[in-house]
Structure formats: C-alpha cells, structure tokens
Amino acid sequence: MSELRVGVIGLGAMGGPMARHLASAGLLASVWNRTPHRADELATELGVPAAADPADLARRGNVVLTCVSADGDLEAVISACRPGLSPGDVVIDASTVSPMTTRRLAAELAEAGVGYVDAPVSGGVEGARKGTLSVMAGGESATLERIRPVLEAFSARLAVMGEVGSGQATKAVNQVMVAGIAEAVCEALAFSEKLNLPSERLMEVLSAGAAGNWFLDHRGRTMLADRFEPGFKSGLLLKDLRICDALARELDIELPMVDAAITDYARLVDEGGYDDDTSALIRIKRGASDTPD
Ligand code: NAP
C-alpha cells in the first residue's frame, strides 16, 4: 500500500479522539457518523470531508477504521462500505465485538480482496484522548505491518496477538479483568460509605497500596461523588460480558465472576443505566448492602 489514507466510521467517545490523532499524523482522509452532526463538526475541526455515506468514505481512502458499539452495528457499517471498497483496501475494526463475528467478516472481505485487522483497544476515553491506548491486534502479518502507522497514531502499546480474531479474544480476556475490578472496587467503596470513612484519605491510602488500580484512580472519586458520566458505558460492558459468556460456553469453561457481573450490569441497565459509566455499579452495590439478611 502506498500512502495510507484512513476513513473513520463511528465518532463516539473512542472513535472521535482516534480520528483526531490520525489527523495529527497526517493520515485522516474523511469521517462518517450515523448521527451526521458529529461527523460535520469533527470534519470542520479537522479540515477533512464528511463522507456522504460509508461507501463514499471507503472510496475516499484505502483504509477504513471502524469504532462502533456492537456486532450488529459493525456488520451494518461494513455492509454499507462494501460498494466503495476496492481490492487491496484494509478494514481495521477497533470496536469490541466477538471473535466469531470478526472471523466471518474477515472471510467475506477476503473474497473481495480486502484485508481485515481486528484491533480492539483498552485504556478508556482518557487513553483515546491522549493517544496512549493499548491495542490488541489480530490479522495477517503483512497486512498488519502495512497499516501499523494507523494503530500507532493513537496507541502507546500495540500487541500483535496472532491471526484474525485473536485481538478480540485478547479483549475478551481483558474484559473479564475489567469487570472483576469494577465488581471489587464498587463493592469495596459502597462498603466504605457504610463505615463512614473519610473518602479522600481512603482513596489516597488505597491507591498507594496493593489494592491500587486504574479504575480506582480514574473513577473512585467520581463514583463517591455520585457522578457517572461516561467513560465507558455500562451497556457496552454488558455487551462485552455477553461475548465472554458465549466464548466460555463454546469452550466449556465456567466464568462465575462474569456470570455475577452480567447479573449486576443487566440490573443496572434495566434500571435505566445503559449510558452511565461502568462505575455506576456502585448504585447496585449500595442497594445490595441495604438488603436485609
Ligand atoms: P459511544 O460513545 O457510544 O459511540 C458509539 C459509536 O458507534 C457512535 O459513533 C455511534 O453513532 C456508532 N454506532 C452505533 N451503532 C451504529 C450503527 N448501527 N450504525 C452506525 N454507527 C453506529 O461508544 P464508545 O465508548 O466510543 O465505544 C465504541 C466501541 O469501543 C465499543 O465497541 C466499545 O465497547 C469499545 N470500547 C470503548 C471504551 C470506552 O472506554 N468508552 C474502551 C475500549 C473499547 P451515533 O453517534 O449515531 O450514536
């Protein structure tokens, strides 16, 4: 591939900042978003065209980077791109979706001579804004090497995990830990409120010791102050946990901690918390500690 020209589809909490880093690296060709005003505003800010539709975006470059919510959304945008994709183009997916969906889409695109790299990310909206995401990539090594500058534009670490789908498999492992940490931190901080401990001193001492972690540092103070603007939406974590559950069933392995987190996040979402940050789990934990024996 000569010059990399990237179109970004999905300008949400993660895709918007990724597009900004690609523009800074001189790689951004155009943007598209389902809700058009987001694309129009970012296109004006970055001085690139807002594509009329996903096929138009694909025609304007040779790499399409997707960052949309879930499997069905990814399938829809890739299908809409198809008329504009040419042999030699590459689709990079930075959404979190299942490895099964990933392998199916990659096989369909391969028939049209289009490459596919799954490149889910970790590091939160803070990592996306700073360009310090951790990327877990899967795909053919020659394709990955060609598009490496795209992934490096918004990451601090890029790990090539193996063939297509292995990036999403790695992300599923990541999300088991993310959910377990959220369960532990939210439960512990709901407990601390009942104990009437001074919150700022608590945060400092916990962060400095063996219990310290990213979620506590970035979400501890806001959740204690009852602020849950995303961040990472609870509905999206629930989607990820269901991917982990489906994989576990396929592999005949039990993930009891994931089962517990699915129950908690499903309740949070049922109670209207889909768009709230994952730290809103503390609301469920506070409720649970109020439940009589
Ligand atoms: P978000 O802020 O809710 O943005 C979602 C984006 O997907 C929006 O641009 C949305 O368009 C678009 N979209 C959704 N359904 C679509 C459809 N059917 N057709 C076209 N576009 C569609 O979510 P996010 O936090 O950026 O997350 C995006 C992906 O990254 C998810 O898979 C998530 O699990 C993953 N992720 C998120 C984080 C995080 O901390 N936020 C971290 C790592 C990975 P509209 O503007 O029209 O709604």
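Residues numbered from 1 in each chain as written. Predicted model: local features only at pLDDT ≥ 70, side-chain atom pairs only at ≥ 80, totals over all residues. Heavy atoms only, no water.

Visitor: What am I meant to see in the overall build of the protein chain here?
Guide: Looking only at helices and strands, the protein chain features 13 helices and eight strands. Radius of gyration (C-alpha) of the protein chain: 20 Å, near the 19 Å computed for a compact globule of 293 residues. Along the first, second and third principal axes, the C-alpha set of the protein chain runs to 65 × 45 × 35 Å. Scored against the burial criterion, the 293 residues of the protein chain give a buried share of 50%. Considering only contacts within the protein chain whose residues lie at least 6 apart along the sequence, 67% involve residues at least 24 apart. Summed over all atoms, the accessible surface of the protein chain reaches about 13,500 Å², with 53% contributed by carbon and sulfur. Of the charged side chains in the protein chain, 28 are positive and 41 negative, and the gap between their average positions amounts to 4 Å. (Helix = DSSP H or I, 4+ residues; strand = E, 2+ residues; numbered from the N terminus. Rg over C-alpha atoms; globule rule 2.2 N^0.38 Å. Buried < 20%, exposed > 50% of the residue type's maximum accessible area, 1.4 Å probe, protein only. Contact = heavy atoms within 4.5 Å. Areas by Shrake-Rupley, 256 points an atom, 1.4 Å probe, with all protein chains shown as cover. Lys, Arg positive; Asp, Glu negative; His and termini not counted. Charge placed at Lys NZ, Arg CZ, Asp CG, Glu CD.)

Visitor: Please explain the layout of surface pockets as it appears in this structure.
Guide: Any empty space left between the atoms is revealed when a probe the size of a water molecule rolls over them. There is about 240 Å³ of room inside the second largest pocket. What lines the second largest pocket is a set of 15 residues, and nearest its centre among them are Ala110, Val114, Gly115, Tyr116 and Glu140. When contributions to the lining of the second largest pocket are tallied by element, the ones reaching two or more residues are α5 (99-111), β5 (115-118) and α7 (141-152). Here the residues of the lining of the second largest pocket sort into six nonpolar, five polar and four charged. (1 Å grid on protein atoms, 1.4 Å probe; cavity = no way out; pocket = protein on both sides within 12 Å on 5 of 7 lines; lining within 4 Å. Points joined across faces, edges and corners; volume = space filled by probe spheres on them. Nonpolar A, V, L, I, M, F, W, Y, C, P; charged D, E, K, R; others polar.)

Visitor: Can you help me understand the site of the ligand in this one?
Guide: Within the structure, the ligand sits among 26 residues, and Asn33, Thr35, Arg38, Lys233 and Lys239 are positioned closest to it. Within the contact set of the ligand, an oxygen atom lies 2.9 Å away from a backbone nitrogen or oxygen of methionine 14. Residue aspartate 73 places a side-chain N or O atom 2.9 Å away from a nitrogen atom belonging to the ligand. Considering the ligand on its own, with 900 Å² of exposed area, one finds that the protein chains cover 91% of that surface. When contributions to the shell around the ligand are tallied by element, the ones reaching two or more residues are α4 (71-81), α6 (124-130) and α11 (234-251). By residue number, the principal contributor to the shell around the ligand is α11, which donates three residues. Of the residues in the shell around the ligand, the class split is ten nonpolar, nine polar and seven charged. There are two domains that each give the shell around the ligand at least three residues, and those are domain 1 (6-163) and domain 2 (169-290). (Near = heavy atom within 4 Å. Polar contact = N/O pair within 3.5 Å; in protein donor to acceptor, adjacent residues only side chain to side chain. Domains from an automatic or database assignment.)

Visitor: It is not clear to me how the pattern of salt bridges should be interpreted in this structure. Could you clarify?
Guide: Pairing is possible between side chains that carry opposite charge, provided their charged atoms lie close to one another. One pass over the structure, following the stated rule, counts 19 salt bridges. Between arginine 20 and glutamate 45 there is a salt bridge, with the nearest N and O atoms lying 2.7 Å from each other. Taken together, the positions of arginine 20 in helix α1 (residues 15-24) and glutamate 45 in helix α2 (residues 36-46) put the pair 25 residues apart, joining distant regions of the chain. Residue classification places glutamate 45 among the partly exposed residues on the basis of a relative accessible area of 47%. Here aspartate 56 and arginine 60 are joined by a salt bridge, their closest N and O atoms 3.2 Å apart. (Salt bridge = Lys/Arg side-chain N within 4 Å of Asp/Glu carboxyl O.)

Visitor: Got a minute to help me understand α1 in this structure?
Guide: Since the α-helix packs 3.6 residues into each turn, any two residues three or four apart lie on the same face. Along α1, seven of the ten residues are buried, which leaves the element largely enclosed by surrounding structure. Looking only at α1, the buried set comprises Gly15, Gly16, Pro17, Met18, Ala19, His21 and Leu22. Glycine 26, located one to two residues past α1, shows a positive phi value of around 75 degrees.

Visitor: Which parts of the structure should I look at to understand the nonpolar core?
Guide: The tendency in soluble globular proteins is for nonpolar side chains to be buried side by side. If you look at the biggest cluster of nonpolar residues, it comprises 35 residues, and the most contacted ones within it are Leu22, Val31, Ile92 and Ile147. Broken down by element, the residue count for this core peaks at four residues, all from α7. The contact partners of leucine 22, leaving out residues within four places of it in the chain, are Val6, Val8, Leu27, Leu28, Leu65, Val150, Ala153 and Phe154. By size, the runner-up hydrophobic cluster in this structure holds 30 residues, among which are Leu216, Phe228, Ala266 and Leu281. (Core = buried A, V, L, I, M, F, W, Y, C linked by side-chain atoms within 4.5 Å.)

Any functional reading would require information that these geometric values do not contain.
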